[in-house]
Amino acid sequence: MNGPTLHDTPVPASWRIALPHTAAAVPVARALVRTAMAELEHSADSDTAELLTAELVANAVEHTAGDGPIELVVELMATGCRVEVHDPDPAPPGNLTAPGPVEAPDPWQEHGRGLLLIRTLSSSCGHRPTDSGKAVWFRLPVAPVPRRLPA
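A short tour of the structure in this document, coming up. (Residues numbered from 1 in each chain as written. Predicted model: local features only at pLDDT ≥ 70, side-chain atom pairs only at ≥ 80, totals over all residues. Heavy atoms only, no water.)

**Some thoughts on the packing of aromatic side chains**
Each aromatic ring pair is characterised by the separation of its centres together with the angle its planes make.
1) Next: Counted according to the given criterion, the structure contains zero aromatic pairs.
2) Next: The ring of W137 has R82 sitting right over it, with the charged end atom 4.5 Å from the ring centre.
3) Next: Above the ring of W137, the side-chain terminus of R139 is found at 5.3 Å from the ring centroid. (Phe/Tyr/Trp six-rings, centres within 6.5 Å; stacked < 30°, edge-to-face > 60°. Lys NZ or Arg CZ within 6 Å of the ring centre and 35° of its normal.)

Below you can see the structure in the form of C-alpha cells.
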C-alpha cells in the first residue's frame, strides 16, 4: 500500500473541561477520557488512561483547598495521549517525580497508591506551574495494534 495509512495519519485532538471540586468529578473525567479515545479509535490503552485520570482528579479534589473548579485536559496525538489536571494549589504533588527509590505505600491503608500507579503505568509524568496553580500530567504511548492474519 502506498501513502499514509490510518495509523500514520496524525490525530491531534484535545478536550478541555471544568469539573466540580467534588468527588463527582471522577466519573465525569473517566467518561470524557473513554469517549475521547473511543471516538477517534485511538490506540493508547484507554483502560489505563481512565484509571490514571481518575487518580489525578481524585488527588486534585482531595488534596487542594477551595471549591473552585479543577480542569481536565485530554490531548490525543499520533504518538499517544497526554492527560493534565489543573488545580489551584501551586504545591507540587507528593512523590510523583521523586528521584530514587520511593517508600512503598502502607498495605494496611486505603490511600497512598495513586501516584505510584501514575509513575508505574505511564510512559512519563510530572507537574508544572500554571498562572492559577499547577497542572499534573501523564503520558501514555500508542499501544501496538494487533496484526490481523490474512483470511
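This is not the end of the story, as more comes after the structure.
**Concerning the pairing of strand β3 (residues 80–87)**
1) Next: Within β3, eight of the eight residues are buried, leaving the element largely enclosed by the surrounding structure.
2) Next: Summarising the sheet, strand β2 (residues 70–77) and β3 pair through seven bridges and their orientation is antiparallel. The partner of M77 across the bridge, within β3, is G80.
3) Next: Joining the antiparallel neighbours β2 and β3 is a turn of two residues.
4) Next: Here β3 runs beside strand β5 (residues 133–141); their pairing, made up of eight bridges, is antiparallel. The partner of D87 across the bridge, within β5, is K134. (Buried < 20%, exposed > 50% of the residue type's maximum accessible area, 1.4 Å probe, protein only. Helix = DSSP H or I, 4+ residues; strand = E, 2+ residues; numbered from the N terminus. Pairing = 2+ DSSP bridges.)

**Observations regarding the pattern of salt bridges**
1) Next: Evaluation of the coordinates by the stated rule reveals six salt bridges.
2) Next: Close ionic contact of R16 with E71 constitutes a salt bridge, the shortest N to O distance being 3.2 Å. Of the two residues, R16 is situated in strand β1 (residues 13–19) and E71 in strand β2; the sequence distance between them amounts to 55 residues.
3) Next: Judged by its relative accessible area of 24%, E71 is partly exposed.
4) Next: Two residues, E84 and R82, come together in a salt bridge whose shortest N-O distance is 2.8 Å.
5) Next: On the basis of relative accessible area, E84 is assigned to the buried category, the value being 5%.
6) Next: Under the relative-accessibility criterion, R82 is labelled buried at 11%.
7) Next: Here the salt bridges do not stand alone but share partners, grouping R30, R34 and E50 into one network. (Salt bridge = Lys/Arg side-chain N within 4 Å of Asp/Glu carboxyl O.)

**Brief notes about the environment of R30**
1) Next: As for its placement among the helices and strands, R30 is situated in helix α1 (residues 25–39).
2) Next: On the accessibility criterion, R30 (28% relative accessible area) is partly exposed.
3) Next: For R30, the residues in contact, after removing those within four places along its chain, are E50, L51 and A54. (Contact = heavy atoms within 4.5 Å.)

**Considerations on the side chain of K134**
1) Next: Relative to the helices and strands, K134 resides in strand β5.
2) Next: The buried category is assigned to K134, whose relative accessible area is 6%.
3) Next: Of note is the side chain of K134, whose polar atom sits 3.0 Å from the side chain of D87.
4) Next: A polar side-chain atom of K134 sits 2.9 Å from the main-chain carbonyl oxygen of D89.
5) Next: Those residues in contact with K134 that lie beyond four places of it in its chain are T64, V85, H86, D87, D89, P90, A91, P92, P93, R128 and P129. (Polar contact = N/O pair within 3.5 Å; in protein donor to acceptor, adjacent residues only side chain to side chain.)

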